[in-house]
Amino acid sequence: MPNAGTRMANFAKKKACHKKQGAHLSRFSKGGIPRPFPVGSLAYTTLPSSTRIDYLTVTSNGVRKSPTMARIDGIDPRHAPFLMRQVFKKVRKMLGRDLTPQKITARVPRVFWTDALGEWLLGQKAAVPHRQQAVLSLRTAVRVGCPF
Amino acid sequence: MYGLSDDEIAVIRDGRLDGFAPPEAALLRMADAMADTPSNVSDELYAELRRHFSEEQLIELAAAAARENFRARYNRVFDVGSDGLYRKGLHFKQRTA
């Protein structure tokens with residue numbers, strides 16, 4: 001049985017650890033005692049400067065603001081139908097991650113397939129160098145206000 | 001990203017044209033024109049584009065720009081943030097056309 005000194009030392013150590021993990025956010029504290037947050041968990045808070053919800057990710061180095069999340073949730077690609085999963089797999093292989101717009105679109109399969117087929121057909125070997133297509137696409141994205 | 005340097009991407013992002021060859025500068029002006037509302041590509045710009053690209057190439061380029069307009073505007077409805085695909089200094093393997 002640890003004595004009182006050891007218990008206090010352990011408590012202080014745990015408190016410091018919790019603070020490091022982002023548990024110092026008052027919203028998630030209960031009764032003044034920091035509640036632990038596992039690394040990788042997603043928290044959210046509203047900042048005074050903004051009316052919208054900003055998402056925070058708890059990392060081993062503290063709390064990091066996530067890129068702003070979309071207004072609606074997309075599907076979990078693991079639960080998508082077989083053919084749709086193949087598209088997600090291909091995109092993941094190309095870009096290293098699932099794309100949020102694609103996950104959202106997948107909620108309405110007709111829109112998803114219109115988008116996926118168009119993307120695939122336009123991405124075929126083209127008469128225009130990819131560099132020039134990229135110049136055009138990036139400038140359009142900038143002009144319309146799409147963060148890439 | 002497809003052979004574009006960070007500086008070139010910065011020029012694209014700042015709405016400038018400097019540093020790009022005439023065909024690419026014409027494409028940037030085309031992207032600007034297509035992103036405007038109402039969208040209008042002037043006769044001068046079209047003549048300039050035709051000097052550098054065939055009609056088939058322009059069909060592909062117009063489709064690419066229109067598609068990007070679709071995609072970018074679609075994302076605005078749901079306020080989709082960046083998926084973090086581009087980071088300064090990160091270079092993807094260049095694909096050959």
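Worth saying up front: this structure is predicted, and the values here are computed from it rather than measured.

Counting secondary structure elements, chain A contains five helices and three strands. Beginning at the N terminus, the succession of helices and strands in chain A can be written as α-β-β-β-α-α-α-α. With 148 residues in all, chain A has 32% of them scored as buried. Within chain A, contacts between residues separated by at least 24 positions form 29% of all contacts whose residues are at least 6 apart in sequence. Surface summary for chain A: the accessible area is close to 9,700 Å², and the carbon and sulfur share equals 59%.

This part covers the packing of helix 5 (residues 130–144) of chain A against helix 4 (residues 55–77) of chain B. As a packed pair, helix 5 of chain A and helix 4 of chain B sit with axes 9 Å apart at the nearest point and diverge in direction by 30 degrees. Comparing the axis directions of helix 5 of chain A and helix 4 of chain B gives the class roughly parallel. The two elements helix 5 of chain A and helix 4 of chain B cross, and the hand of that crossing is right-handed. Here Gln 133, Leu 136, Ser 137, Thr 140, Ala 141 and Val 144 of chain A of helix 5 of chain A come into contact with helix 4 of chain B, specifically with Glu 60, Leu 61, Ala 64, Ala 65, Glu 68, Asn 69, Ala 72, Arg 73 and Arg 76 of chain B. Residues belonging to the contact of helix 5 of chain A with helix 4 of chain B are distributed by class as follows: seven nonpolar, four polar and four charged.

Here helix 4 (residues 109–122) of chain A is 14 residues long and its end C-alpha atoms lie 20 Å apart, about the 20 Å a rise of 1.5 Å per residue gives. Tucked inside the fold, the buried residues of helix 4 of chain A contact helix 2 (82–95) and helix 3 (100–105) of chain A together with helix 4 of chain B.

So, on to the side chain of Asn 75 of chain B. Along the chain, the position of Asn 75 of chain B falls in helix 4. On the basis of relative accessibility, which here comes to 5%, the residue Asn 75 of chain B falls in the buried class.

Moving on, we come to the interface of chain A and chain B. Note: interface size is frequently given as the accessible area lost on complex formation between the parts. Counting from both sides, the interface comprises 45 residues of chain A and, opposite them, 52 residues of chain B. For the pair chain A and chain B, the summed buried area comes to about 4,600 Å², and 60% of that belongs to carbon and sulfur atoms. Counting every contact that joins chain A to chain B gives eight salt bridges. When the shortest N-O distance is used, the salt bridge between Arg 143 of chain A and Asp 32 of chain B registers 3.3 Å. In this structure, the connection of chain A to chain B is made through 17 residue pairs in polar contact (both at pLDDT 80 or more). The element that contributes the greatest number of residues to the side of chain A that touches chain B is helix 5 of chain A, accounting for 15 residues. Each residue belonging to the side of chain A that touches chain B can be placed in one class, and the counts come to 23 nonpolar, twelve polar and ten charged.

Right, let's get into the confidence of the model for chain B. Residue and element names in this part refer to chain B. Overall, the prediction assigns chain B a mean pLDDT of 85, with 86% of residues at 70 or greater. The spread of mean pLDDT over the elements of chain B runs between helix 1 (residues 6–13), the lowest at 89, and helix 3 (residues 43–52), the highest at 97. Note that pLDDT drops below 50 for residues 90–97; the model gives that stretch 16 contacts with residues more than four away or on any other chain. Across the assembled chains, the prediction reports ipTM 0.85 with pTM 0.66.

The rules we used
- Along each chain, the written sequence defines residue order, and numbers are assigned to residues from 1.
- Whichever chain is written first becomes A and whichever ligand is written first becomes 1, with later ones labelled in order.
- Note on the predicted model: pLDDT of at least 70 is required for a residue's local features to be given, and 80 or more for side-chain atom pairs to be given and counted; whole-chain, interface and lining totals, by contrast, use all residues.
- Computation of side-chain values covers all heavy atoms of the structure but excludes hydrogens and water.
- Only DSSP runs of H or I covering at least 4 residues are called helices, and only runs of E covering at least 2 are called strands; the numbering of each starts at the N terminus.
- Think of it in three bands: with a 1.4 Å probe and only protein chains considered, a residue is buried below 20% of the maximum accessible area for its type, exposed above 50%, and partly exposed in between.
- Any two residues having at least one pair of non-hydrogen atoms within 4.5 Å are treated as being in contact.
- In this description, accessible areas are obtained by the Shrake-Rupley approach with a 1.4 Å probe, and a residue is regarded as covered only by the protein chains that are shown.
- Only the stretch in contact is used when fitting a helix axis, every axis being a line fitted to C-alpha atoms; angles between N-to-C directions are given from 0 to 180 degrees.
- An angle counts as roughly parallel when it lies under 35 degrees, as roughly antiparallel when it exceeds 145, as roughly perpendicular when it falls between 65 and 115, and as oblique in every other case.
- If you view the pair so one helix is near and one far, a crossing is left-handed when the near helix is turned anticlockwise from the far one by less than a right angle, and right-handed when it is turned clockwise.
- Residues are grouped as follows: nonpolar covers Ala, Val, Leu, Ile, Met, Phe, Trp, Tyr, Cys and Pro; charged covers Asp, Glu, Lys and Arg; every other residue, Gly included, is treated as polar.
- Expected helix span is given by 1.5 Å per residue-to-residue step, counting one fewer step than there are residues.
- A quick way to say it: buried area is the sum, across both parts, of accessible area lost when two parts are put together, with a 1.4 Å probe.
- A pairing counts as a salt bridge when a side-chain nitrogen of Lys or Arg comes within 4 Å of a carboxyl oxygen of Asp or Glu.
- Pairing of N or O atoms within 3.5 Å defines a polar contact, subject to two protein rules: one partner must be a possible hydrogen donor and the other a possible acceptor, and residues neighboring in sequence count only if both atoms are side-chain atoms.
- Here pLDDT means the predictor's own confidence in every residue, given as a number from 0 to 100.

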